[in-house]
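The residues making up each chain are set out below.
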Amino acid sequence: MANKERLFTSVIIPAAGQGRRMNATINKPYLAINGKPILAYTLDVFEKCPLIDEIIVVINKDEFEICRQEVLKPFHYKKIKLVEGGTTRQKSVYNGLLAVNPQTGIVMTHDGARPMIEESVIVKSIHDTMEYKATVVGVPAKNTIKVINAEGFVEYTPNRDYLVEIQTPQTFAYALLKEAHERAIELGIEGTDDAFLVEHLNCPVKIVIGHYTNIKITTPEDLIIAEAIIKRFQKDV
Ligand SMILES: Nc1ccn([C@@H]2O[C@H](COP(=O)(O)OP(=O)(O)OP(=O)(O)O)[C@@H](O)[C@H]2O)c(=O)n1
Ligand SMILES: C[C@](O)(CO)[C@H](O)COP(=O)(O)O
């Protein structure tokens, strides 16, 4: 990856969760903010980004119809392929990895539930991955973080200068991420993000500093925050 020639770039969007913490009547990707589904906001940014060649959206088996009707049909996406999800985020991403175009050189993962991603962060992630092979977007921790024990007592307070809250996109050389997922399957490792699996291969992962607005919509109050951010920063939607 030392030379900077453009590589075919695929993004895998896991959107096959259950949204248990949201506790809504429809699954999170299809909940609307200002009349538009969360997943459509996410897809818009990748669809418009000229560095993204292919978008693999990973969804639940029984949600193909709602995805087609509520997201794909009204918003006219061209680069998208739908793939069935697995029982965990990691399994969903792996299904996506198996479905990418055989030419894929760079693969990015981005939560369907992070609709406020900005194109500049996607572009920086791709550029930095050409150099480092593995990058993750994060923001410096704003709060003091404490490591506790099983009894709920503080063990120690890590230096905040070295704490970053991790988001997505997470971007990798395709062969590296595939190897990391396959090694994790062999070893029975389950991680909450993709970088964790790459870290297990002892491969350095570079941080791309992102934006605090790129929240993951997880609980009901996140919808209020997202609505406010979208109104304030993305008036054209
Ligand atoms: N089996 C799974 C689990 C999660 N995801 C996706 O991974 C992203 C991050 O997961 P999270 O926000 O935790 O979503 P859910 O799993 O839906 O939420 P919860 O844990 O509250 O059920 C989401 O876009 C979600 O749809 C997925 O594709 N497949
Ligand atoms: C990948 C991730 O977005 C990084 O913050 C996150 O770990 C996935 O969501 P979950 O809440 O851990 O399922």
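Conventions we followed
Residues numbered from 1 in each chain as written. Chains lettered and ligands numbered in written order. Predicted model: local features only at pLDDT ≥ 70, side-chain atom pairs only at ≥ 80, totals over all residues. Heavy atoms only, no water. UniProt positions renumbered as here; feature names shortened; annotations may be inferred. 1 Å grid on protein atoms, 1.4 Å probe; cavity = no way out; pocket = protein on both sides within 12 Å on 5 of 7 lines; lining within 4 Å. Buried < 20%, exposed > 50% of the residue type's maximum accessible area, 1.4 Å probe, protein only. Helix = DSSP H or I, 4+ residues; strand = E, 2+ residues; numbered from the N terminus. Contact = heavy atoms within 4.5 Å. Polar contact = N/O pair within 3.5 Å; in protein donor to acceptor, adjacent residues only side chain to side chain. Axes fitted to C-alpha atoms, helices over the stretch in contact; angles between N-to-C directions. Parallel < 35°, antiparallel > 145°, perpendicular 65-115°, else oblique. Left-handed = near helix turned anticlockwise from the far one by under 90°. Nonpolar A, V, L, I, M, F, W, Y, C, P; charged D, E, K, R; others polar.

(A) View of the UniProt feature "site: Positions MEP for the nucleophilic attack" (unreviewed entry) in the chain. Residues given the UniProt feature "site: Positions MEP for the nucleophilic attack" (unreviewed entry) here are R160 and K216. In the annotated set above, the residues contributing to the lining of the largest pocket are K216. The exposure class of R160 is partly exposed, given its relative accessible area of 39%. Relative to the helices and strands, K216 resides in the loop between β11 (206-209) and α7 (220-233). Apart from the residues within four sequence positions on either side, K216 is in contact with R21, D111, A113, R114 and D222. Engagement of the side chain of K216 in a polar contact is seen with the side chain of T218, the distance being 3.0 Å.

(B) Structural view of the environment of I12. As for its position among the elements, I12 is in strand β1 (residues 9-14). For I12, the contacting residues outside a window of four places in its chain are I56, V58, V93, G96, L97, V100, V107, M108, T109 and H110.

(C) Representation of the packing of helix α3 (residues 89-99) against helix α5 (residues 174-187) within the structure. Where α3 meets α5, the axes come as close as 11 Å, and the angle between the chain directions of the two elements is 135°. If you check the angle between α3 and α5, you find them oblique. Judged by the twist between their axes, the crossing of α3 over α5 is left-handed. Along the contact surface, α3 presents Q90, V93, Y94, L97 and L98, while α5 presents Y174, L177, K178, H181, E182, A184 and I185. Per-class residue counts for the contact of α3 with α5 are eight nonpolar, two polar and two charged.

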